[in-house]
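Remarks on the overall topology
Residue-level listing of the chains:
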Amino acid sequence: MTAPLPPHPSAAAGPIAHGGNLHEAATRYGIPYAHWLDLSTGINPHGYPVPPVPADAWRRLPDEGDGFAARAALYYSAPDAAHVLPVAGSQAAIRALPALLPRATVGIAPLTYGEYAPAFARAGHQVAPLDTRGDTLPAALTHVAIVNPDNPTATHLDAGRLLRWHAQLSERGGTLLVDEAFADALPAASLAASAYRDGLIVLRSPGKFFGLAGVRAGFVLAAPALLATLRDTLGAWTVSGPARHAVSAAFADTAWQVQMRERLGSESARLVALLHACGFSTRGTPLFAWTDDARAAALHEALARRGVWTRLFAPSSVAPSSVAPSGSVRFGLPGTEAEWSRFERHLQEAMRAIDATQTG
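**Considering the overall build of the protein chain**
- Helix and strand counts for the protein chain stand at 11 helices and 13 strands.
- Relative to a compact globule of 360 residues, whose C-alpha radius of gyration would be 21 Å, the protein chain shows 21 Å and is just as compact.
- Here the protein chain holds 360 residues, and 51% of them are scored as buried.
- Partitioning the intrachain contacts of the protein chain with sequence separation of at least 6 by distance along the chain shows that 72% fall at a separation of at least 24.

**Section: the packing of aromatic side chains**
- One pass over the structure, following the stated rule, counts 19 aromatic pairs.
- Between Tyr 29 and Trp 309, the aromatic rings sit 6.1 Å apart at their centres with planes inclined by 65°, giving edge-to-face as the arrangement. Residue Tyr 29 is located in helix 1 (residues 22–29), and its partner Trp 309 is located in strand 11 (residues 308–309); the two are separated by 280 residues in the primary sequence. When sorted by exposure, Tyr 29 lands in the same class as Trp 309, which is buried.
- Through a chain of ring-to-ring contacts, the aromatic side chains of Tyr 48, Phe 68, Tyr 75, Tyr 76, Phe 209, Phe 210, Phe 219, Phe 251 and Trp 256 assemble into a single cluster.
- Here the basic side chain of Arg 270 rests over the ring of Trp 340, its NZ or CZ set 4.4 Å away from the ring centre.
- For the cation-ring pair, Arg 330 lies above Phe 288, with the distance from its terminal atom to the ring centre recorded as 6.0 Å.

**Overview of the pairing of strand 3 (residues 105–108)**
- Burial along strand 3 is two-sided: the face carrying Thr 105 and Gly 107 and the face carrying Val 106 and Ile 108 are both buried.
- Of the crossover connections in this fold, the one passing from strand 3 over helix 5 (residues 116–122) to the parallel strand 4 (residues 126–129) is right-handed.
- Across 3 bridges, strand 3 lies against strand 5 (residues 143–147) in parallel orientation. The residue bridging Gly 107 from the neighbouring strand is Val 144, located in strand 5.

**Points about the pairing of strand 4**
- Where strand 3 meets strand 4, 4 bridges bridge the pair, whose relative direction is parallel. Residue pairing for strand 4: Ile 108 is matched across the bridge by Pro 129.

**Some points on the pattern of salt bridges**
- In the structure shown here, the tally under the stated rule is 15 salt bridges.
- The salt bridge involving Glu 180 is made with Arg 204; its shortest N-O contact spans 3.0 Å. Placement of Glu 180 in the loop between strand 6 (175–179) and strand 7 (200–204) and of Arg 204 in strand 7 is noted, with a sequence separation of 24 residues between them. Across this residue pair, the class does not change: Glu 180 and Arg 204 are buried.

**Quick look at the packing of helix 3 (residues 68–76) against helix 8 (residues 241–252)**
- Orientation of helix 3 relative to helix 8, taken along the N-to-C sense of each, is 30°, at an axis distance of 10 Å. Seen from above, helix 3 lies across helix 8 with left-handed handedness. Residue-level inspection shows Phe 68, Arg 71, Ala 72, Tyr 75 and Tyr 76 of helix 3 in contact with helix 8, the latter providing Arg 244, Val 247, Ser 248 and Phe 251.
- Counted by class, the contact of helix 3 with helix 8 contains 6 nonpolar, 1 polar and 2 charged residues.

**Observations concerning the sheet that holds strand 10 (residues 288–291)**
- Spatial strand order, 9-10-13-12: 4 strands in an open sheet with antiparallel pairing. In this open sheet, the two edge strands, each paired with only one partner strand, are strand 9 (283–285) and strand 12 (311–313). The sheet shows a mean angle of 20° between the axes of neighbouring strands, taken without regard to direction.
- Note that strand 12 and strand 13 (residues 328–332) share 3 bridges and pair antiparallel. Bridging across to strand 13, Leu 312 finds its partner in Val 329.
- Here helix 10 (residues 296–304) sits on the sheet in contact with strand 10, strand 12 and strand 13, set at roughly 50° to strand 13.

**As for helix 6 (residues 159–171)**
- With 13 residues, helix 6 extends 19 Å from end C-alpha to end C-alpha; this agrees with the ideal 18 Å at 1.5 Å per step.
- Within the sequence span of helix 6, burial applies to Arg 161, Leu 162, Trp 165, His 166, Gln 168 and Leu 169. The arc that holds the buried residues of helix 6, viewed along the axis, is 165°, so those residues lie on one side.
- Residues of helix 6 that are buried sit in contact with strand 5, strand 6 and strand 7.
- Where helix 6 begins, the capping side chain belongs to Asp 158, and its oxygen is found 3.0 Å from the backbone nitrogen of Gly 160.
- Gly 173 lies just past helix 6 and shows a positive phi near 75°.

The rules behind each value
- Residues numbered from 1 in each chain as written.
- Predicted model: local features only at pLDDT ≥ 70, side-chain atom pairs only at ≥ 80, totals over all residues.
- Heavy atoms only, no water.
- Helix = DSSP H or I, 4+ residues; strand = E, 2+ residues; numbered from the N terminus.
- Rg over C-alpha atoms; globule rule 2.2 N^0.38 Å.
- Buried < 20%, exposed > 50% of the residue type's maximum accessible area, 1.4 Å probe, protein only.
- Contact = heavy atoms within 4.5 Å.
- Phe/Tyr/Trp six-rings, centres within 6.5 Å; stacked < 30°, edge-to-face > 60°.
- Lys NZ or Arg CZ within 6 Å of the ring centre and 35° of its normal.
- Right-handed = clockwise from strand over helix to strand, strands pointing away.
- Pairing = 2+ DSSP bridges.
- Salt bridge = Lys/Arg side-chain N within 4 Å of Asp/Glu carboxyl O.
- Axes fitted to C-alpha atoms, helices over the stretch in contact; angles between N-to-C directions.
- Left-handed = near helix turned anticlockwise from the far one by under 90°.
- Nonpolar A, V, L, I, M, F, W, Y, C, P; charged D, E, K, R; others polar.
- Expected span 1.5 Å × (residues − 1).
- Arc of directions from axis to C-beta.
- Polar contact = N/O pair within 3.5 Å; in protein donor to acceptor, adjacent residues only side chain to side chain.

What follows is the structure, encoded as structure tokens:
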């Protein structure tokens, strides 16, 4: 008999916290909303310059024959448009997909995007913490949901390991779901080209790399039969006409994409250098840096008191205890030189305050 796995710590969580919650920060710290520097998300601060929206995009219902799925298939290197379903942000898919899979035990990393464990639990699955370090999955797992690279830990699994996991799960009648929301800056690592495989689902989002989170558009890449079921579940017109216009323009602008990958690489290195200078070890992607230093929670608090909002991950939501036992913090990128200067100044002030507390 297969031994049961321990429950995932976030499966029965209450309200799920997300970055970008500046109104909450403003209320908690008594600093007006407009005075905050928001580094609490991993969204590109240099958003794609969307061209003017045609009037028809506002007047007409979205038309599934407009080639939107085909443009996404080309950009993501998916097999073809039949393997791509546009959705209202990958969040819509995260909520809907668990109910379409056979109820079983699903493995999810202890510290990852917080929507996955509750979504699978609500759909009747057993949710267990996933150790991402090995090639062989526990026999008790039928499904795995993985964010690659992970948010927030930036753990990055190579395609070979993920495909070996997929093969194991397929033998059990299971599914591998890979969320590649932060993969645009690292396109060679994507499994999008393998989306023809039964039991493999890849989620993509233009919100992070293109800085278009507000359009609420995303894509599910999978076998056509699964996409047909998901389409029936979500209904018609999931992505608005203006959103389709914005994302299509971004996908077509290869020169902007190349330039932005270079820029984000340079700016992420600058962010890491600032944190390293303060003695923090980090991991990250081109869009954010993450630290599980023992001083992480104190740094989050000290920065917040100075109007700099970062994303705190509390230790109580994490298992095993070896993962960020004292809590951890994610830092997004400042968007302007003035914001960089402000962050550096307040980072130094925050470190002096922390040092004074620890030595006082």
